Amino acid sequence: MRLSLEARERPARIMTWASPLLAAVGSVIGVSILFAALGRPPLTALYVLFVAPLETLDGLAELALKATPLLLCAIGIAIGCRAEVWNIGAEGQFTVGAICGGGVALALGGGGAWWLLPLMILAGIAGGMAWAGIAAFLKTRFNAHEILTTLMLTYISIQLLGYLVHGPWQDPDGHSFPQTKQFEDDALLPMLIEGTRLHVGALFALAAVPFGSILLGRTMMGFRIRTVGAAPAAARYAGFSRNGVVWFCLLLSGGMAGLAGICEVAGPDGQLTPVISPGYGFAAIIVAFLGRLNPVGILFSSALMALLYLGGEGLQVSMQLPIAVTGTVQGMLLFFLLGADVLINYRVRLRPARAVAGVARHA
Amino acid sequence: MHEVEIAVAIAVATLRAATPLMLAGFGELITERSGVLNLGVEGMMLMGASVGFIGTVATGSPILGLLLAMLAGAALALVFGVLTLSLMANQVATGLALTIFGVGFSALVGVNWVGTPLQGLSTDIWPSLSTAPPMVQQLMLLDPLVWVAVLLPFVVQWFIYRTRAGMILRAVGESSDVAHALGYSVLRIRYFAVLFGGAMSGLAGAYLSLAYSPMWSENMVAGRGWIALALVVFSTWKPLWLALGSLLFGFVTIAQFQAEGLGLALSPHLLAMLPYIATIVVLVLISRDATRLKLNAPAALGRPFHATA
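Given the structure is predicted, the values throughout are model-derived calculations rather than measurements. (Residues numbered from 1 in each chain as written. Chains lettered and ligands numbered in written order. Predicted model: local features only at pLDDT ≥ 70, side-chain atom pairs only at ≥ 80, totals over all residues. Heavy atoms only, no water.)

Colleague: What's the story with the overall build of chain A in this structure? I'm lost.
Modeller: When its secondary structure is counted, chain A shows 14 helices and 3 strands. Taking 363 residues into account, the globule formula puts the C-alpha radius of gyration at 21 Å, and chain A, at 22 Å, falls close to it. On the principal axes, the C-alpha backbone points of chain A span a range of 75 × 60 × 35 Å. Residues counted as buried form 56% of the 363 residues belonging to chain A. Excluding contacts between residues fewer than 6 apart, the proportion of contacts in chain A whose partners are at least 24 apart in sequence is 76%. About 15300 Å² of surface is accessible on chain A, with carbon and sulfur atoms providing 66% of the total. Taken together, the 22 basic and 18 acidic charged side chains of chain A have centroids lying 24 Å from each other. (Helix = DSSP H or I, 4+ residues; strand = E, 2+ residues; numbered from the N terminus. Rg over C-alpha atoms; globule rule 2.2 N^0.38 Å. Buried < 20%, exposed > 50% of the residue type's maximum accessible area, 1.4 Å probe, protein only. Contact = heavy atoms within 4.5 Å. Areas by Shrake-Rupley, 256 points an atom, 1.4 Å probe, with all protein chains shown as cover. Lys, Arg positive; Asp, Glu negative; His and termini not counted. Charge placed at Lys NZ, Arg CZ, Asp CG, Glu CD.)

Below you can see the structure in the form of structure tokens.
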């Protein structure tokens, strides 16, 4: 007897939603083994990772704060993935958004003008769009693959930020620390809950959920995106422009990542530093897949991922575990999800070893 | 005479910078020739870099360190293989997951080793070093892995085009159905190719942490895995072009030192952008001709294979 996979006639809908749960269970087991291997009591560590951050108002506010950039980036990424447009450079668009919006804050802050914050936000969105637009141009004009170009642009943007905060934008009174001046008060986003760090950027992120759902499910553009991704030949036959979809997806996801970037520096940070993101743009890829490339699903998966960030910080403080635990757990979660997803299209069968040989086909 | 010495110095620095790209690039080239696209090169290199470093410091033997690094790269590649080959997961998403996991796990494994000093790979393999002319000495001081990388293009070229195993590999990558019908085990061959790619990525990472800059720090591969991936596309899956591309990139990478030599005072941050900009330029140049790319790419690249009963 041996295990074999048998193709289902149609994808199992229930497995689409059961597979993230399976993945979560698998990850909890994997993480427990990891903690045991690191010499920490697994149950206590799990408690610190998943439960402790949710016990206080402050913890919940921090959760929403961390979910904000993840949600914004992931919804943009997911819409692209629906059309098989792989924007994996959200981290770079996030950075350029922060640079552009932050530049406005540094140049015009302190005047108390009502239009300063809207202008910063627009600059952030425009920066992210422009950065992703480079990849869209290279893809549509020269056929250069967006996975590699968006990623290279990420490395470039991080060096650009490094150049600015070490060079022209460095705070002259900052004891030569690589950072800009603190933004003036009128260039900081208003807080949502007194006494916490939660700012109005969270509302943008929440608004992105219905925006993404309606766009994908109820508009012509959404239909085009889904068709180009699921059935490229049908999309060509229907006369949908592949290039148009590439431009749309990259500009949209770039703009959302740029918005996330400016919200991050005009929110909790209040200045530009060489490292403004603990990998939100990359983690958002996991968030997008974990949420089934569906905006509502992404709302939940971004909360889960934010919890991992918070819990990871908690582990660092209370159990002296390195912050890299977070990335390890994130990667593990995605592994389990991708593995469990096989159950959507295949069922597992036990069959005698002899009967297994046979015809081949592409899945 | 002075110019010649500078030229030799630049050539040596170029070779050193090209070595990790070649090692990882040839691993990925073999993987992709079997029809599998593994985007996890960066993650596997990082695992190789940390495990290779720790192994060398802990055992005192660089050889053991290198072997452990190859094992670490192959172990991560095995995870990729199980997910994409046996469970038919999306190769792009799984590759990304591999990189995200590798970045985190290598940092976790190496956290207590940041800042540990290491002497670096021994370059003491040639006799009569001190009696050779200075320029030859520079070449002789290159570490052994550089020589492995120099030989690699020719070995891989021979393997792919001149051996039976290489032909089967190409058949699996071009048409898995036909190869299967001929009686070759598509999955087994792809597993081998994926594991080889992982081991080579691990070796490339260990070269960085043991020889190129003997130390371990988080994320020290700094995108070289992705550049290696871009180079495989640039080479249109041909070994000798991959070698050429790697050398070109090695040259761009050391632009920093060249600029200093020429008296240019540019910010190190701006100079550090150069390899990434060059990658984009190269990609654009090579991708413009979509037909040529399509003709040369392994036809089954990225497609899962499932033999049904």
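Colleague: What am I meant to see in the interface of chain A and chain B here?
Modeller: Where interface size is quoted, it is often the accessible area lost as the parts come together. Taken together, the contacts link 49 residues of chain A with 54 residues of chain B. Surface buried jointly by chain A and chain B totals about 4500 Å² across both partners, of which 78% is contributed by carbon and sulfur atoms. Along the contact surface separating chain A from chain B lie 0 salt bridges. Across the chain A-chain B interface, the total number found is 7 residue pairs in polar contact (both at pLDDT 80 or more). When residues of the side of chain A that touches chain B are traced back to their parent elements, those giving at least two are α5 (116–142), α6 (146–166), α11 (280–290), α13 (324–340), β2 (346–351) and β3 (360–362) of chain A. Counting residues per element, the side of chain A that touches chain B draws most heavily on α6(A), at 13 residues. Broken down by class, the residue content of the side of chain A that touches chain B amounts to 36 nonpolar, 11 polar and 2 charged. (Buried area = accessible area lost by both parts, 1.4 Å probe. Salt bridge = Lys/Arg side-chain N within 4 Å of Asp/Glu carboxyl O. Polar contact = N/O pair within 3.5 Å; in protein donor to acceptor, adjacent residues only side chain to side chain. Nonpolar A, V, L, I, M, F, W, Y, C, P; charged D, E, K, R; others polar.)

Colleague: Please explain the side chain of D341(A) as it appears in this structure.
Modeller: Residue and element names in this part refer to chain A. Tracing the chain through its elements places D341 in the loop between α13 and α14 (342–345). A relative accessible area of 18% places D341 in the buried class. Within the structure, the side chain of D341 is placed 2.5 Å from the side chain of S19, a separation counted as a polar contact. Other than its neighbours up to four places away in sequence, D341 contacts S19 and R292.

Colleague: Got a minute to help me understand the confidence of the model for chain A in this structure?
Modeller: Where the model shows low pLDDT, its predicted coordinates should not be examined in detail. On average, residues of chain A score 90 in pLDDT, and 96% of them are at 70 or above. Between residues 355–363 of chain A, whose pLDDT stays under 50, and residues either more than four places distant or in other chains, the model counts 29 contacts. (pLDDT = per-residue confidence, 0-100.)

Colleague: Could you clarify how one ought to interpret the domain arrangement of chain A in this entry?
Modeller: Residues and elements named next belong to chain A. Domain boundaries assigned for chain A yield domain 1 (1–40 + 322–363) and domain 2 (69–320). Computed from C-alpha atoms alone, the centre-to-centre distance between domain 1 and domain 2 is 30 Å. Taken together, the two surfaces of domain 1 and domain 2 that pack against each other cover about 1500 Å², and 73% of this comes from carbon and sulfur. Taken together, the connections running from domain 1 to domain 2 amount to 1 salt bridge. Taken together, domain 1 and domain 2 are joined by 4 residue pairs in polar contact (both at pLDDT 80 or more). Residue assignment for the side of domain 1 that touches domain 2 shows that the elements contributing at least two residues are α1 (13–37) and α13. Top element by residues in the side of domain 1 that touches domain 2 is α13. It accounts for 8 residues. Its residues assigned to classes, the side of domain 1 that touches domain 2 comprises 11 nonpolar, 5 polar and 2 charged. (Domains from an automatic or database assignment.)

Colleague: Would you explain the packing of helix α7 (residues 164–174) of chain B against helix α9 (residues 186–212) of chain B in this entry?
Modeller: Each pair of packed helices can be summarised by the angle the axes make with each other and by the distance between the axes. Residues and elements named next belong to chain B. The geometry of α7 relative to α9 is characterised by a closest axis approach of 10 Å and an angle of 110° between their N-to-C directions. Put simply, α7 runs roughly perpendicular to α9. Contact with α7, carried on its side by I168, L169 and V172, involves V186, I189, R190 and A193 of α9 and no other residues of that element. A per-class count over the contact of α7 with α9 returns 6 nonpolar, no polar and 1 charged. (Axes fitted to C-alpha atoms, helices over the stretch in contact; angles between N-to-C directions. Parallel < 35°, antiparallel > 145°, perpendicular 65-115°, else oblique.)

Colleague: Would you take a moment to explain unusual backbone geometry for this structure?
Modeller: What is expected of a backbone is that most residues other than glycine have negative phi and most peptide bonds are trans. Residues and elements named next belong to chain A. If you check the backbone angles, L293 has positive phi at about 55° while not being a glycine. Assignment of secondary structure puts L293 in the loop between α11 and α12 (295–319). What makes L293 buried here is its relative accessible area of 16%. Of note in the backbone geometry, Q320 takes a positive phi value of approximately 50° without being a glycine. The class for Q320 is exposed, based on a relative accessible area of 56%.

Colleague: Looking at this structure, I do not really get empty space enclosed by the protein. What am I missing?
Modeller: Gaps between atoms show up when a probe of the same size as a water molecule is rolled over them. Residues and elements named next belong to chain B. On inspection of all chains with the given rule, the structure shows 1 cavity of 30 Å³ or more. As for the largest cavity, its lining consists of T84, L85, Q91, L187, R190, R303, P304 and F305. Every element with two or more residues in the lining of the largest cavity is listed here: α3 (62–86) and α9. Among the residues forming the lining of the largest cavity, the class breakdown is 4 nonpolar, 2 polar and 2 charged. (1 Å grid on protein atoms, 1.4 Å probe; cavity = no way out; pocket = protein on both sides within 12 Å on 5 of 7 lines; lining within 4 Å. Points joined across faces, edges and corners; volume = space filled by probe spheres on them.)

Colleague: Sorry if this is basic, but what is going on with α11(A) here?
Modeller: Each α-helix winds once per 3.6 residues, and so residues spaced three or four apart point in a common direction. All names here are of chain A. In terms of residue burial, α11 counts as a mostly covered element, since 10 of its 11 residues are buried. Listed in full, the buried residues belonging to α11 are Y280, G281, A283, A284, I285, I286, V287, A288, F289 and L290. At the C-terminal side of α11, R292 shows a positive phi close to 60°.

Colleague: What should I look at first to understand helix α4 (residues 90–108) of chain A in this one?
Modeller: All names here are of chain A. The end-to-end C-alpha distance of α4, which contains 19 residues, comes to 27 Å, matching closely the 27 Å that a straight helix rising 1.5 Å per residue would cover. Of all 19 residues in α4, 15 are buried, a share of seventy percent or more. Phi turns positive one or two residues past the end of α4, at G110, with a value near 95°. (Expected span 1.5 Å × (residues − 1).)

Colleague: Can you walk me through the pattern of salt bridges in this structure?
Modeller: A side chain with one charge can pair with a side chain of the opposite charge if their charged atoms come near. All names here are of chain A. In this structure the tally under the stated criterion is 8 salt bridges over all chains. The shortest N-O distance in the salt bridge between R347 and E6 comes to 3.6 Å. Taken together, the positions of R347 in strand β2 and E6 in strand β1 (residues 2–7) put the pair 341 residues apart, joining distant regions of the chain. By relative accessible area, which is 31% here, R347 ends up partly exposed. For E6, a relative accessible area of 23% corresponds to the partly exposed category. Note that E146 is salt-bridged to K139, the shortest N-O span being 3.1 Å. The class for E146 is buried, based on a relative accessible area of 1%. Accessibility expressed as a relative area gives 16% for K139, which makes it buried. The network of salt bridges with shared partners includes E62, K66, R197 and E313.

Colleague: Could you clarify how one ought to interpret the environment of I277(B) in this entry?
Modeller: Note on placement: I277(B) falls in helix α14 (residues 274–287). Along the chain, I277(B) and V252(B) lie 25 residues apart, while their C-alpha atoms are 9.9 Å from each other.

Colleague: Whenever I open this one, the state of the cysteines confuses me. Can you help?
Modeller: Covalent bonding between the sulfur atoms of two cysteines defines a disulfide. Evaluated as defined, the whole model comprises 0 disulfides over all chains. C263(A) takes part in no disulfide bond, and the closest cysteine sulfur to it belongs to C73(A), at a distance of 10 Å. (Disulfide = S-S within 2.5 Å.)

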